[in-house]
Amino acid sequence: YAGNYCGVKTQWNNGPDLEGFEYLSYTMNIPKATDEIGKQLMCSTMAQKQLAPPGLLTQPEYTAYLCDCCLTPCSKCQASDNYGGDLTDLTKGLG
């Protein structure tokens, strides 16, 4: 995406007209860049082991977690999600 509309005048390869705009900021769509990575971590076997009762979640919370990750059949999931492989051990591959 390159709108380049600020002060308009002439656009595209000549760049945006930034007259009157003292600050320039760049943004990145963080959810688009990190969403799949976060889901891969949070829905991994490693996370399940830590969250499962009597771990960090109660049984109702864990059931909701399994549904949110589409790890068990529930009304919000059409199929199991594939997040690029399973993380089974946090220490694997480190060192």
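Note that the structure is predicted; figures quoted are calculated from it, not measured. What you see as residue numbers is a count from 1 along each chain, following the sequence as written. For a predicted model such as this one, the threshold for reporting local features is a pLDDT of at least 70, and the threshold for listing and counting side-chain atom pairs is 80 or more; totals across whole chains, interfaces and linings nevertheless cover every residue. The basis for the side-chain values is all heavy atoms of the structure; hydrogens and waters are excluded.

**Q** I would appreciate a short explanation of the nonpolar core in the present structure.
**A** Across soluble globular proteins, nonpolar side chains have a tendency to be buried as a group. In these notes, a set of buried Ala, Val, Leu, Ile, Met, Phe, Trp, Tyr and Cys residues joined through side-chain atoms within 4.5 Å is what counts as a nonpolar core. Residue exposure (1.4 Å probe, protein chains only): buried if accessible area is under 20% of the type maximum, exposed if over 50%, otherwise partly exposed. Membership of the largest hydrophobic core is limited to seven residues, which are Cys-43, Ala-47, Leu-51, Tyr-62, Tyr-65, Leu-66 and Cys-69. In DSSP terms, a helix is any run of H or I states spanning at least four residues, a strand is any run of E spanning at least two, and both are numbered starting from the N terminus. Counting residues per element, the ones that place at least two in this core are α2 (45-51) and α3 (59-68). With three residues, α3 is the single largest residue contributor to this core.

**Q** Got a minute to help me understand the state of the cysteines in this structure?
**A** Throughout, disulfides are identified as pairs of cysteine sulfur atoms within 2.5 Å of each other. Scanning the model with the defined rule gives three disulfides in all. Here Cys-43 is linked by a disulfide to Cys-69, with a sulfur-sulfur distance of 2.0 Å. Note on the Cys-43 and Cys-69 pair: the S-S dihedral is about -75°, so by sign convention the disulfide is left-handed. Highlighted residues: Cys-43 in the loop between α1 (30-42) and α2 and Cys-69 in the segment after α3, separated in sequence by 26 residues. Overall, Cys-43 belongs to the buried group, its relative accessible area being 12%.

**Q** So what exactly am I meant to see when it comes to the environment of Cys-70 here?
**A** Mapping Cys-70 onto the fold places it in the segment after α3. Given a relative accessible area of 12%, Cys-70 falls into the buried group. The spacing of Cys-70 and Cys-43 is 27 residues in sequence and 8.6 Å in space, taken between C-alpha atoms.

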